[in-house]
Amino acid sequence: MNTTEHVAIPQSALSGLKVIELGQLIAGPFAAKTLADFGADVIKIEPPGQGDPLRQWRLLHNGTSVWWQVQSRNKKSVVLDLRQPDDRELAKALIADADVVIENFKPGVMEAWGMSYEELSKGNPGLVMLRVSGFGQTGPYRDRPGFAVVAEAMGGIRHLSGEPGRVPVRCGVSLGDTLAALHGVIGILLALQHRNHTVSPEAPKGRGQVVDVALYESVFNCMESLLPEYSAFGAVREPAGSALPGVAPSNAYRCADGQVVIGGNGDSIFKRLMVAIGRDDLAQDPGLSTNAGRVPRVGEIDDAIAAWTATRPVAQVLGVLQAVSVPVGRIYTARDIAEDPHYAARDMLLNVTTPDGLTVQVPGIVPKLSLTPGQVTRLAPALGQDTEAVLGALPSAKSNV
């Protein structure tokens, strides 16, 4: 797919939804990107000079991060300096008829600028405001600076990452930001659904509200049994490397030329796995017929699987286990992803060509909708690319840019 040309689509799930993005870097912009993928009109406000710092993060081409083509696709860029009163007034004018505003500043910044929800919603009671921060808009930690790395630590996931007895590791991406962004999108859609049910003469679009998303809570929300097990049994879950504690067998294993992950924790799956690796004795052992019996003997089971995989190449391990319907997979690198036919068949590898001729492959759109699928219809904008057009369309047509 080449998106250098504008692609017309007949229908989009969020067509007509106007979103003003005031955030930068990852969490707020990722939420806005997700809405833009499904047809929302997203206007990204960037500061003059360098714009969103993400433009300069990681690997650059002609001075701009190739990541930018993912995070800011389908958006418009308007340059405003929100530290300046006149530019804040222009931002307020854009928000006056918007459906959604997204910000991920430190709590209190919007209020100091005279842009609290109460202020912004005075003439726009249907406004939905997503506020993403490290610790939320309330509570004793609200004023602390909070990045994803801190949220992942406080949310509980960092303690579980890595090998027992060693310093925890991160997963290699800003997981806390992305989880917060997705929770933010859910919150926006819930708030819009509520708005639809509260239409009245006083609020022709219905009543909006604030969606308060904290990075640490977004991580914590994904921690499964962590808290219930502590509250019920006093059990503090500890890191377990590549295994999944309490579920057996589910682990990563070395092969002769690489590694695989195997999930053999279903009762019938476990039997098929053991037969496939030549361990009929374990397959028929009544003590291993359920997960409850396998967990205390997980070391024995893992050793048996590891001994079998260690002498075989990845391709053979995959072939043998897939043939008997045992969940197994290679551990993908970026190269594996780019060359995988399933990714391609599911439209998860999209080619975009930048104005200077660089073709970049970017992730496709998730989720897949049957009637109103998302589309990449617009390249990530140059800094301020849409300032004149967007501000010129304001009722006052006032722009000092």
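Residues numbered from 1 in each chain as written. Predicted model: local features only at pLDDT ≥ 70, side-chain atom pairs only at ≥ 80, totals over all residues. Heavy atoms only, no water.

### Looking at the pattern of salt bridges
Keep this limit in mind: Basic side-chain nitrogens of Lys or Arg form a salt bridge, by our definition, when they fall within 4 Å of a carboxyl oxygen of Asp or Glu. The helix count covers DSSP runs of H or I at least four residues long, the strand count covers runs of E at least two residues long, and both are numbered beginning at the N terminus. To sort residues, take the accessible area from a 1.4 Å probe on protein chains only and compare it with the maximum for the residue type: under 20% means buried, over 50% means exposed, and anything in between is partly exposed.
Within the structure shown, the criterion is met by 21 salt bridges. With a shortest N-O distance of 3.4 Å, lysine 92 and glutamate 89 are connected by a salt bridge. Here the residue lysine 92 and the residue glutamate 89 both occupy positions in helix α3 (residues 85-95), the gap between them amounting to 3 residues, near one helical turn. The class for glutamate 89 is partly exposed, based on a relative accessible area of 45%. Ionic pairing is found between aspartate 386 and arginine 378, a salt bridge with its closest N-O pair at 2.4 Å. Look at aspartate 386 and you get buried, because its relative accessible area is 8%. Classification of arginine 378 as partly exposed rests on a relative accessible area of 22%.

### Here's the deal with the packing of aromatic side chains
Basically, it comes down to this: Each Phe, Tyr or Trp ring (for Trp, its six-membered ring) is paired with any other whose centre lies within 6.5 Å, and the angle between the two planes then decides the class: stacked below 30 degrees, edge-to-face above 60, tilted in between. Charges are assigned to positions over rings by a cutoff of 6 Å between ring centre and Lys NZ or Arg CZ, combined with an angular limit of 35 degrees from the ring normal.
The final tally for this structure, using the stated rule, is 5 aromatic pairs. Arranged with centres 6.1 Å apart and planes meeting at 35 degrees, the rings of phenylalanine 135 and tyrosine 216 form a pair that is tilted. Of the two residues, phenylalanine 135 is situated in the loop between β7 (128-133) and α6 (148-155) and tyrosine 216 in helix α9 (residues 215-220); the sequence distance between them amounts to 81 residues. Judged by its relative accessible area of 7%, phenylalanine 135 is buried. Aromatic rings pair up to connect Phe135, Tyr141 and Tyr216 into one cluster. Its guanidinium or amino end placed over the ring of phenylalanine 30, lysine 33 lies 4.3 Å from that ring's centre, counting from NZ or CZ. One cation-aromatic arrangement involves arginine 294 over phenylalanine 270; the distance from NZ or CZ to the ring centre is 4.9 Å.

### Notes on the packing of helix α1 (residues 27-37) against helix α8 (residues 175-196)
We apply this condition: To obtain an axis, a line is fitted to C-alpha atoms, over the contacting stretch when the element is a helix, and the angle between two such axes runs from 0 to 180 degrees between their N-to-C directions. Geometric relationships in this document are graded by angle, where less than 35 degrees denotes roughly parallel, more than 145 denotes roughly antiparallel, 65 to 115 denotes roughly perpendicular, and other angles denote oblique. Handedness of each helix crossing follows the sense of rotation of the near helix against the far helix: counterclockwise by less than a right angle gives left-handed, clockwise gives right-handed. Contacts: residue pairs with any heavy atoms within 4.5 Å of one another. By the convention adopted, Pro, Cys, Tyr, Trp, Phe, Met, Ile, Leu, Val and Ala count as nonpolar, Lys, Arg, Asp and Glu as charged, and the other residues, Gly among them, as polar.
α8 packs onto α1 with a crossing angle of 50 degrees between their chain directions and a minimal axis gap of 8 Å. When the axes of α1 and α8 are compared, the pair comes out oblique. Relative to α8, α1 is oriented so that their crossing is right-handed. Touching Ala27, Phe30, Ala31, Thr34 and Leu35 of α1 are Asp177, Thr178, Ala181, Leu182, Val185 and Ile188, all from α8. When the residues that make up the contact of α1 with α8 are grouped by side-chain class, the tally is 8 nonpolar, 2 polar and 1 charged.

### Describing the sheet that holds strand β11 (residues 328-330)
Rules: At least two DSSP bridges between two strands are needed for those strands to be called paired.
Spatially, β9-β10-β11 is the arrangement adopted by the 3 strands of the open sheet, whose pairing is antiparallel. Since the sheet does not close on itself, it has two edges, and those belong to β9 (250-255) and β11, each with one partner. The sheet shows a mean angle of 25 degrees between the axes of neighbouring strands, taken without regard to direction. Pairing between strand β10 (residues 258-263) and β11: 3 bridges, direction antiparallel. Among the inter-strand pairings, isoleucine 262 is bridged to a residue of β11, identified as valine 328. Most of the contacts of helix α15 (residues 314-323) go to β11, to which it runs at about 160 degrees, and overall it touches β9, β10 and β11.

### What about the confidence of the model for the protein?
Rule in force here: pLDDT: the predictor's confidence for each residue, scored from 0 to 100.
Residues with a pLDDT of 70 or more make up 96% of the protein, whose mean pLDDT is 94. Predicted confidence for residues 1-7 stays below pLDDT 50, and this span has 18 contacts to residues more than four positions away or in other chains.

### A look at the sheet that holds strand β6 (residues 100-103)
Pairing between the strands of a sheet comes from backbone hydrogen bonds, and it takes one of two forms, parallel or antiparallel. Sheet architecture is open: 6 strands sit in the order β5-β2-β1-β6-β7-β8, paired in parallel fashion. If you trace the sheet from one side to the other, it starts and ends with β5 (75-79) and β8 (210-214), each paired once. The sheet shows a mean angle of 20 degrees between the axes of neighbouring strands, taken without regard to direction. Pairing between strand β1 (residues 18-21) and β6: 3 bridges, direction parallel. The residue of β6 that forms the bridge with glutamate 21 is isoleucine 102. Relative to β8, α8 is tilted by about 160 degrees, and along the sheet it contacts β6, β7 and β8.

### What about the nonpolar core?
If you look at soluble globular proteins, the nonpolar side chains tend to sit buried side by side. Threshold: For our purposes a nonpolar core is just a set of buried Ala, Val, Leu, Ile, Met, Phe, Trp, Tyr and Cys residues, chained together by side-chain atoms within 4.5 Å.
With 39 residues, the main nonpolar core has Val19, Leu35, Val100, Ile102, Leu130 and Ile188 as its most contacted residues. Of all hydrophobic cores here, the second largest spans 24 residues; its members include Val78, Leu94, Val101 and Met129.

### A short note on the packing of helix α11 (residues 267-276) against helix α14 (residues 298-309)
In the contact formed by α11 and α14, the axes pass within 10 Å of each other and the chain directions differ by 45 degrees. With respect to their mutual orientation, α11 and α14 come out oblique. With respect to the hand of their crossing, α11 and α14 are arranged in left-handed fashion. Counting all contacts with α11, which are made through Phe270, Leu273, Met274 and Ala276, the residues of α14 involved are Ile301, Ile305 and Trp308.

### Some points on a nonpolar patch on the surface
Our working rule: Patch building starts from residues that exceed 30% relative accessible area and form no salt bridge, then joins like charges within 9 Å and nonpolar side chains (Val, Leu, Ile, Met, Phe, Trp, Tyr) within 5 Å. Each accessible area is a Shrake-Rupley result for a 1.4 Å probe, and residues are judged covered by the shown protein chains and nothing else.
Taken together, the side chains of Phe220, Leu227, Tyr230 and Val236 make up a nonpolar region of the molecular surface, amounting to roughly 400 Å² of accessible area. Among the structural elements, valine 236 can be located in the loop between α10 (226-233) and β9. Its relative accessible area of 53% is what places valine 236 among the exposed residues.

### A few points about the pairing of β6
Of the two faces of β6, both are covered, the one formed by Val100 and Ile102 as well as the one formed by Val101 and Glu103. Sheet analysis places β6 next to β7, joined by 4 bridges and oriented parallel. Considered in β7, the bridge of valine 100 is made with valine 128.

### What about the side chain of asparagine 74?
What counts, and what does not: Under the rule applied, a polar contact is a pair of N or O atoms within 3.5 Å (in protein, one hydrogen donor and one hydrogen acceptor; residues adjacent in sequence only if both atoms are side-chain atoms).
Considering the arrangement of structural elements, one finds asparagine 74 in the loop between α2 (68-71) and β5. You can call asparagine 74 buried: its relative accessible area is 7%. A distance of 3.0 Å separates a polar side-chain atom of asparagine 74 from the backbone oxygen of glutamine 375. The residues contacting asparagine 74, other than those within four sequence positions of it, are Ala36, Asp37, Gln375, Val376, Thr377, Arg378 and Leu379.

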